[in-house]
Amino acid sequence: LAADCGSPPTKVILIPRTPEGNSHLAGRGEAPTTVEAPFDDVTIGVINAVTELQEITGRKLVENGKIILGGDPNEGADLYLSTSSAGGGLQMAVIGVVASLSAESAQRAALGAGAIIIDSFTYDDGRTEQDRVERIRHIRPDMVLFSGGTEGGTTKHLVEMAETLLMADPKPRFGELFKVPVIFAGNSEALPLVTDVLGKKVDLIKVNNVRPTMEEEDLNDAGQAIHRLFLEHVMAQAPGYEKLMSWVSVPIMPTPSAFGQCIAAVGEKEKINVLAADIGGATTEIAVISLGGI
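Residues numbered from 1 in each chain as written. Predicted model: local features only at pLDDT ≥ 70, side-chain atom pairs only at ≥ 80, totals over all residues. Heavy atoms only, no water.

1. Examining the sheet that holds strand S3 (residues 27-32)
Strands sit in the order S3-S2-S1-S6-S12 across an open sheet of 5 strands; the sheet is mixed. Either end of the sheet is taken by a strand with one partner, and the two such strands are S3 and strand S12 (253-254). As judged from the 2 bridges shared by strand S6 (residues 81-84) and S12, these two strands associate in the parallel manner. Looking across to S12, one finds that Thr83 is bridged to Met253. Contacts between helix H1 (residues 42-57) and the sheet are confined to strand S1 (2-5), strand S2 (9-14) and S3, with S3 contributing the most and set at about 145° to the helix. (Pairing = 2+ DSSP bridges. Helix = DSSP H or I, 4+ residues; strand = E, 2+ residues; numbered from the N terminus. Contact = heavy atoms within 4.5 Å. Axes fitted to C-alpha atoms, helices over the stretch in contact; angles between N-to-C directions.)

2. Focus on the environment of Ala49
Mapped onto the elements, Ala49 comes out in helix H1. Accessibility expressed as a relative area gives 0% for Ala49, which makes it buried. Counting along the chain gives 46 residues from Ala49 to Ala3, while the straight-line C-alpha distance between them is 8.7 Å. Discounting residues that sit within four places of it in the chain, Ala49 has contacts with Thr10, Val12, Gly29, Glu30 and Ala31. (Buried < 20%, exposed > 50% of the residue type's maximum accessible area, 1.4 Å probe, protein only.)

3. Quick look at the nonpolar core
Residues Tyr80, Leu145, Ile226, Tyr241 and Leu244 are the most contacted members of the largest nonpolar core, which totals 48 residues. When contributions to this core are tallied by element, the ones reaching two or more residues are S1, S2, H1, strand S7 (91-96), helix H2 (99-112), strand S9 (143-146), helix H6 (220-237) and helix H7 (241-247). In terms of residue count, the dominant contributor to this core is H6 (8 residues). The residues contacting Leu145, other than those within four sequence positions of it, are Met92, Ala93, Val94, Ile95, Ala106, Ala109, Ala110, Ile183, Ala185, Ala222 and Ile226. Ile136, Ile139, Val194 and Leu198 belong to the second largest nonpolar core, which has 24 residues in total. (Core = buried A, V, L, I, M, F, W, Y, C linked by side-chain atoms within 4.5 Å.)

4. Some points on the pattern of salt bridges
The final tally for this structure, using the stated rule, is 13 salt bridges. Measuring nitrogen to oxygen at the nearest pair gives 3.0 Å for the salt bridge that ties Glu63 to Lys60. Exposure remark for Glu63: the relative accessible area of 39% places this residue in the partly exposed category. For Lys60, a relative accessible area of 34% puts it in the partly exposed group. The structure contains a network of salt bridges with shared partners spanning Asp119, Asp125, Arg127, Arg132 and Arg135. (Salt bridge = Lys/Arg side-chain N within 4 Å of Asp/Glu carboxyl O.)

5. Quick look at the packing of helix H3 (residues 129-139) against helix H4 (residues 156-168)
Orientation of H3 relative to H4, taken along the N-to-C sense of each, is 50°, at an axis distance of 8 Å. In this view, H3 runs oblique relative to H4, as classed from their interaxial angle. Note that H3 runs across H4; the crossing there is right-handed. Together, Glu129, Arg132, Val133, Ile136 and Arg137 of H3 and Glu160, Met161, Thr164, Leu165, Met167 and Ala168 of H4 make up the contact between the two elements. (Parallel < 35°, antiparallel > 145°, perpendicular 65-115°, else oblique. Left-handed = near helix turned anticlockwise from the far one by under 90°.)

What follows is the structure in structure tokens.
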């Protein structure tokens, strides 16, 4: 049983496995997503969609307001999986030094982790510091990916961008009492200076530099941190997601990330290059899979 808590509907599907080992799509259910007021509980929409699926397939999937998992071959499911783009999905801001270098690498890391980039700020973006401050205050990102400087490169511009972030004092979309996570993926020599500037205003997390040299990218460490923080910070504060996380058989994934992994699995199994588009209700995602990787 799999669900996508989307914007606006929540969709669920049931994929049974026959005794011969074959799988097929048995049915699909849909209901309005309930992460926002007046319900403020994403699991209500999930149960509504699964109840519709139950009626379509004739298989009992819900009992006492909870999904039935494991044990009985005649009811429930062995696994329950969930993706989410509810409330606009994982929304991130990117900070870099040079738009065509560190910021581009940071954007690729964020997009690869399933994020929606709501804005990118760089030292050379042509905006005044006040313009950047006002924009950061307005967008309320779930988290910020802070990049810039190759290893052994600039620290001055990173400190100046950290000062801009400090003045903006960004607030998270969910959980007013929580600090915005800031993933630092820039020149490691600048980290102590950036830490001194930001102090206790944000939750600062250090990962490998996404652009350690002019010719090299390292996106994996930043991508893993984004996914982990998506679960620990964003999902944990979104209405009803703590309950949903207790139901799933594996961690919840951002919908674009899951989409990319599905397409990658097709490319790997068939040994082909794949270009795929997911045209959703709020966003359109593109995944390009080559035989050499995403």
